[in-house]
Amino acid sequence: MINNKELFFDHNASHPLLKSVREGLCEKLQGATDFFSNPMSVHGRGRIAKRVLFELRESLCQWLGLRNDSEVVFNSGATEGINSVLRGFVRNRKDLGRKPVLFYSAIEHSAVHNTVADLIDVECVEIPVCLNGQLDQDFIAQQIERVLSDDKADVLFALQVANNETGMCFDFSFQSKLLAEYGSKPLTKLPKKKGGKFPHTPQRIWYLLDAAQALGKIDESDIRKPLHFADYMVLSAHKIGGPMGIGALWIRGSSPYHPILFGGSQEKKRRAGTHNMIGVYGFLLAVRDWMDNGAIYREKMAKLTEYLEREIAKIPGVKFNSTSASNLRLCNTLNLSAKQCPDESLLMGLDLRKVFVSSGAACNSGSVKPSAVLSKMGFPEDIARSSIRISLGTETVQEDVDGLLKELKSVIEQVRGAQKMADELLPNLGRIGEGSPLE
Amino acid sequence: MAVKKTGYGASILSRERPGDGKSVVVAMSGGVDSSVAALILKEQGYDVIGLALQVTDYSKYRSEEESGTCCSLQDMEDARRVAESIGIPFYVVDTEKSFDGQVVDYFVAEYLQGRTPNPCVMCNTKVKFNSFFRKALELGTDYIATGHYVRKSFDEGLGYCLLRGEDHDKDQSYFLFNLTQRQLEKTLFPVGGMKKEKVRQLAKTHKLPVADKPDSQEICFVPGNNYKKFIEERTPESQRHEGLIVTGKGIVLGNHEGIHNFTVGQRKGLGAALDLASKMGIANTEDFYVTKIDPVRRHVHLGPSRELEKAGLVVGQVNWIVAPKLEKARWMDVKIRYRAETARASVKMMGDNAVEVRFEKPQRAITPGQACVFYDGEVCLGGGWILTSLEVQADERPSEARQ
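Rules used in this analysis
- Residues numbered from 1 in each chain as written.
- Chains lettered and ligands numbered in written order.
- Predicted model: local features only at pLDDT ≥ 70, side-chain atom pairs only at ≥ 80, totals over all residues.
- Heavy atoms only, no water.
- Helix = DSSP H or I, 4+ residues; strand = E, 2+ residues; numbered from the N terminus.
- Buried < 20%, exposed > 50% of the residue type's maximum accessible area, 1.4 Å probe, protein only.
- Contact = heavy atoms within 4.5 Å.
- Areas by Shrake-Rupley, 256 points an atom, 1.4 Å probe, with all protein chains shown as cover.
- Pairing = 2+ DSSP bridges.
- Axes fitted to C-alpha atoms, helices over the stretch in contact; angles between N-to-C directions.
- Expected span 1.5 Å × (residues − 1).
- Salt bridge = Lys/Arg side-chain N within 4 Å of Asp/Glu carboxyl O.
- Phe/Tyr/Trp six-rings, centres within 6.5 Å; stacked < 30°, edge-to-face > 60°.
- Lys NZ or Arg CZ within 6 Å of the ring centre and 35° of its normal.
- Core = buried A, V, L, I, M, F, W, Y, C linked by side-chain atoms within 4.5 Å.
- pLDDT = per-residue confidence, 0-100.
- Parallel < 35°, antiparallel > 145°, perpendicular 65-115°, else oblique.
- Left-handed = near helix turned anticlockwise from the far one by under 90°.
- Nonpolar A, V, L, I, M, F, W, Y, C, P; charged D, E, K, R; others polar.
- Polar contact = N/O pair within 3.5 Å; in protein donor to acceptor, adjacent residues only side chain to side chain.

Digging into the overall build of chain B
Inference 1: Across its full length, chain B carries nine helices and 17 strands.
Inference 2: Here chain B holds 403 residues, and 57% of them are scored as buried.
Inference 3: A sequence separation of at least 24 residues applies to 68% of the contacts in chain B between residues at least 6 apart.
Inference 4: Carbon and sulfur atoms provide 47% of the accessible area of chain B, an area that totals close to 17700 Å².

This is how it looks when you write it as structure tokens:
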């Protein structure tokens, strides 16, 4: 009953190091001692390290179509990036006597929710998300009108390109409407300059894109589109098979910013602290690999994911929680609920069979809580308590997928059988909230 | 009652491997007992899966004192480390919702009714055993196991029997009177045949990270053991049942803020009422206790300690693990508090699941709401919840008759 091979289907949590990254890092780690030096050093070894840093900056820009590589700041990953931007934006606007207002979707990563919760004296607007995984655009329109009617208000949107649990991508078309509405004209009439032209209109709305989960798994052109209007973007290397603890923050031009870490003058003082050069090099190798092979990887993952989706759909009582429209979903992610199967039971059953998937959100004790993402999207509690996420990677093969299917079917059968038995075997629990046994 | 002992976990040193080819889910709390239980089963050849319940969200109480409780975040971490060192898979199961419903709501409701609940019994049977059974069925394991100090045996005529722990000081059968035959059949108690010192010693020799961890004491979900605050936070003022403090003869000694603040046998917090009593010339107030709580009139009765002595009690919601023949009254050993010695009593049926218990000698501080558990020697026959106590008749009270 037990596989010998571990079947890893939790790539959205962290993608194992790509082969090219493993091999490239090993080579350098075992090789000369001059490679991983401090790039801030003036000497020759420092210059070698600095070149690696430049190469990563350039490669990232080339891959994602960013024009100015000095706008890329290396940090520890997307969580730090989100913290920097949210806190930096708020600090910067307040320093200028403006009123920062943060807009973010209800299904953002906890890095957004918990940073926002920690910020004091800042207006925050949580945008509801519909069952189809899309933003409530009417809500945005209403709230923006309300917020921007205050001349002092400046808005930052923090939105993910794709959701980590469902793999679904937001439709950003509302942005062009907002641009048409507020982007080019001031809300209050300013005195016209000579010649009848409006004076320069200050920007009122900024966008932070969380592309951590989307990177690599959607076509570059699909990331470039929102990047046209975005002002910030955060990335994590380990989601694309690079090392953990390294990521990038892109800040367009002179967008509002204020660092959260102070110290040395690394990254033009936007992020102090000695560079994680092993991470930087691994990130560089991963980016190069995706630039060369991304299209092949995506095609392969998409094919296997679609096959898996078709086969899982044949299991009775299984429902997908994300759209099957491939243009609105990451090519590697499926989110599903099996009737009568609590997610933690599926997770444990699969784990004991060496099949690794994930579910909902892990609480700090390690227990499984109902998925906040699905709850916020409006799914009923039984769905939010029984959802599992299957996410494929570049090295997933047909055999793995078949193995997963076999074990998933058997675990679902086992759990359902057990539920029936439990209802017969266990004494009546009574209604929850029944209170005293003596009444 | 003759019982053939075939208990598991007899000796870890015997190198018996009764578990070969069988699987078991061990309920791990992060304490030394359940950790050693897991260790023993692993040594006996079982496929062991460690499971811990997270019964409440401890981050809610982050600022409060956390030590000495069970199932806290630190305990989850301890259990995880033990599982890691034994080499077994380990999971935490969220049972917050059923714990809130089955244990916390019950706990509050009982106090508001003037009774003294026993949430540990409730938690053990309604939350722990049910959750572990469900998980064991889902994972397809053969058994569940716990670190309780109890033993089990099988008797052709009686079925599965729950026996008191070898270590009578640690015996926990009192908490498990609600188990059923089906549950007992599938449950292993690996440390039930050991003394606590032996368990600690095993933990030490196997270098388990919890070898020196102190036993848990308090009610785990009440921060700082402050019952009053805990109950009042969960109860609208209109339901707090304020009323009078009175003597047995009905003399009013003051007001109280709710019967939930009192337990039969209590002495603490009676200061003002007792001062008034002595000023009124009532004798021996230094020997006064809460003798009765009247939830209907919301009266708290104070009286001398002899009034705490009762002839018997009525037990409801009785569960028999081993059904005794009770056509007529039968003598049993009866335990009315976890920490009480058993007392001889005659037990007779009063209906479908209620019994009347009359003690050989009057017993002190019988507390409605606590569990009453029946034994025949080592065998735990079953138990139920104390509904009310029975007064000592004048002719039954020899000490008073002499006065």
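Things to note about the sheet that holds strand E10 (residues 333-338) of chain A
All names here are of chain A.
Inference 1: Taken in spatial order, the four strands line up as E9-E10-E15-E12 in an open sheet, and their pairing is antiparallel. Each edge of the open sheet is held by one strand with a lone partner, namely strand E9 (318-320) and strand E12 (358-359).
Inference 2: Both E9 and E10 contribute to a ladder of three bridges, which runs antiparallel. In the sheet register, Phe320 faces E10, and the bridge partner there is Leu336.
Inference 3: Against the sheet, helix H8 (residues 277-312) makes contact with E9, E10 and strand E15 (387-391), and its axis sits at roughly 10° relative to E10, the strand it touches most.

What about helix H3 (residues 78-95) of chain A?
Residue and element names in this part refer to chain A.
Inference 1: Here H3 is 18 residues long and its end C-alpha atoms lie 25 Å apart, about the 26 Å a rise of 1.5 Å per residue gives.
Inference 2: Within H3, 13 of the 18 residues are buried, leaving the element largely enclosed by the surrounding structure.
Inference 3: At the exit of H3 stands Gly97, carrying a positive phi of roughly 75°.

Some thoughts on the pattern of salt bridges
Inference 1: On inspection of all chains with the given rule, the structure shows 49 salt bridges over all chains.
Inference 2: Asp154 of chain A is the salt-bridge partner of Arg98 of chain A, the closest N and O atoms lying 2.9 Å from each other. Taken together, the residues Arg98 of chain A in the loop between H3 and strand E3 (99-105) and Asp154 of chain A in strand E5 (residues 153-160) connect sequence positions 56 residues apart.
Inference 3: Residue classification places Arg98 of chain A among the partly exposed residues on the basis of a relative accessible area of 24%.
Inference 4: Salt-bridge contacts for Arg329 of chain A lead to Glu309 of chain A; the nearest nitrogen and oxygen are separated by 3.3 Å. Residue Arg329 of chain A is found in the loop between E9 and E10, and its partner Glu309 of chain A is found in helix H8; the two are separated by 20 residues along the sequence. The exposure classification of Arg329 of chain A matches that of Glu309 of chain A, with both residues buried.
Inference 5: Put simply, Asp33, Lys170, Lys196, Arg200 and Asp215 of chain B are held in one network by salt bridges that share partners.

A short note on the packing of aromatic side chains
Inference 1: Within the structure shown, the criterion is met by 24 aromatic pairs over all chains.
Inference 2: Each ring, one from Phe157 of chain A and one from Phe174 of chain A, has its centre 5.5 Å from the other, and the planes form 50°; the classification is tilted. Placement of Phe157 of chain A in strand E5 and of Phe174 of chain A in helix H6 (residues 174-183) is noted, with a sequence separation of 17 residues between them.
Inference 3: Judged by its relative accessible area of 0%, Phe157 of chain A falls in the buried class.
Inference 4: In this structure Phe174 of chain A comes out as buried when scored by relative accessible area, which is 3%.
Inference 5: Ring pairs connect the aromatic residues Phe103, Phe157, Phe170, Phe172, Phe174, Tyr207 and Phe229 of chain A, which therefore count as one cluster.
Inference 6: It is Arg164 of chain B that lies over the ring of Tyr375 of chain B; its NZ or CZ is 5.3 Å from the centre.
Inference 7: The ring of Phe230 of chain B has Arg234 of chain B lying over it, and the distance from NZ or CZ to the ring centre is 3.7 Å.

Let's talk about the nonpolar core
Residues and elements named next belong to chain A.
Inference 1: Grouped together as the largest cluster of nonpolar side chains are 78 residues, with contacts concentrated most on Leu60, Leu64, Ile144, Phe157 and Met233.
Inference 2: Broken down by element, the residue count for this core peaks at 12 residues, all from H8.
Inference 3: When near neighbours in sequence (up to four residues on either side) are disregarded, Met233 contacts Leu64, Leu66, Leu208, Leu209, Ala211, Ile223, Leu227, Ala248, Leu249 and Trp250.

Regarding the confidence of the model for chain B
Residues and elements named next belong to chain B.
Inference 1: Across chain B, pLDDT averages 85, with 89% of residues at or above 70.
Inference 2: Here residues 62-68 is a poorly scored stretch, pLDDT under 50, and it has 10 contacts once near neighbours within four places are set aside; other chains count.
Inference 3: Confidence drops under a pLDDT of 50 for residues 398-403, and excluding neighbours within four residues, the segment shows one contact in the predicted structure.

With respect to the sheet that holds strand E8 (residues 243-247) of chain B
Residues and elements named next belong to chain B.
Inference 1: A sheet is described by the order of its strands in space; here four strands give the open sequence E9-E8-E11-E10, paired in mixed fashion. Two strands lie at the open edges of the sheet, namely strand E9 (252-256) and strand E10 (288-294), each paired on one side alone. Across the sheet, the mean angle separating the axes of adjacent strands is 25° when strand polarity is ignored.
Inference 2: Bridging between E8 and strand E11 (residues 299-304) involves three bridges; their strand directions are parallel. Across the sheet, Val246 pairs through a bridge with His301, a residue of E11.
Inference 3: Those strands touched by helix H8 (residues 271-279) are E8, E9, E10 and E11, and its axis lies near 165° from that of E9.

Quick notes on the packing of H8 of chain A against helix H12 (residues 398-425) of chain A
Residues and elements named next belong to chain A.
Inference 1: Between H8 and H12, the shortest axis-to-axis distance is 10 Å and the interhelical angle comes to 20°. With respect to H12, the element H8 is oriented roughly parallel. Both H8 and H12 take part in a crossing whose hand is right-handed. The residues of H12 that touch H8, namely those facing Leu304, Tyr307, Leu308, Glu311 and Ile312, are Gln398, Val401, Asp402, Leu404, Leu405 and Leu408.
Inference 2: Per-class residue counts for the contact of H8 with H12 are eight nonpolar, one polar and two charged.

Re the pairing of E8 of chain B
Residues and elements named next belong to chain B.
Inference 1: For E8, the tally of buried residues reaches four of five residues, placing the bulk of the element in the interior.
Inference 2: Here E8 pairs with E9 via four bridges, running antiparallel. Across the sheet, residue Val246 finds its bridge partner in E9, namely Val252.
Inference 3: What sits between the antiparallel neighbours E8 and E9 is a turn of four residues, in which Gly250 has the positive phi angle 90°.

Describing the pairing of strand E16 (residues 371-376) of chain B
As a general feature of sheets, a regular strand has side chains that alternate between the two faces.
Residues and elements named next belong to chain B.
Inference 1: Across the six residues that make up E16, a large majority, five, are buried.
Inference 2: As judged from the three bridges shared by strand E13 (residues 330-335) and E16, these two strands associate in the antiparallel manner. Bridging across to E16, Val334 finds its partner in Phe374.
Inference 3: Of the strand pairs in this sheet, E16 and strand E17 (residues 379-390) are connected by six bridges, and their pairing is antiparallel. Each bridged residue has a counterpart across the sheet, and for Tyr375 the counterpart in E17 is Cys380.

Examining unusual backbone geometry
Residues and elements named next belong to chain A.
Inference 1: With a phi close to 65°, Lys269 is a non-glycine residue in the positive phi region.
Inference 2: Counting through the fold element by element, Lys269 comes out in the loop between strand E8 (247-251) and H8.
Inference 3: Taking relative accessible area as the criterion, Lys269 reaches 58% and is therefore assigned exposed.
Inference 4: The phi dihedral of Gln340 is positive, around 65°, even though this residue is not glycine.
Inference 5: In this fold, Gln340 is placed in the loop between E10 and helix H9 (343-352).

Notes on the confidence of the model for chain A
Residues and elements named next belong to chain A.
Inference 1: Averaged over every residue, the pLDDT of chain A is 89; residues scoring 70 or more account for 90%.
Inference 2: This stretch, residues 184-192, has a pLDDT under 50; its non-local contacts, to residues over four places away or in other chains, come to 13 contacts.
Inference 3: Long-range and interchain partners of residues 429-439, a stretch whose pLDDT sits below 50, account for 34 contacts in this model, where long-range means more than four residues apart.

Considerations on the environment of Lys339 of chain A
Inference 1: Residue position: Lys339 of chain A is located in the loop between E10 and H9.
Inference 2: Those residues in contact with Lys339 of chain A that lie beyond four places of it in its chain are Gly317 and Arg416 of chain A.

A look at the side chain of Gln143 of chain A
Residues and elements named next belong to chain A.
Inference 1: Here Gln143 is to be found in helix H5 (residues 137-148).
Inference 2: Look at Gln143 and you get buried, because its relative accessible area is 15%.
Inference 3: Reaching out from Gln143, the side chain makes a polar contact with the side chain of Arg146 at a distance of 2.8 Å.
Inference 4: Leaving out residues up to four positions away in the same chain, Gln143 has contacts with Phe103 and Val125.

Comments concerning the packing of helix H2 (residues 44-64) of chain A against helix H7 (residues 220-229) of chain A
Residues and elements named next belong to chain A.
Inference 1: Their axes nearest at 9 Å, the elements H2 and H7 cross at an angle of 90°. Relative to H7, the element H2 lies roughly perpendicular. Touching Gln62, Trp63 and Leu64 of H2 are Glu220, Ile223, Arg224 and Leu227, all from H7.
Inference 2: Each residue belonging to the contact of H2 with H7 can be placed in one class, and the counts come to four nonpolar, one polar and two charged.

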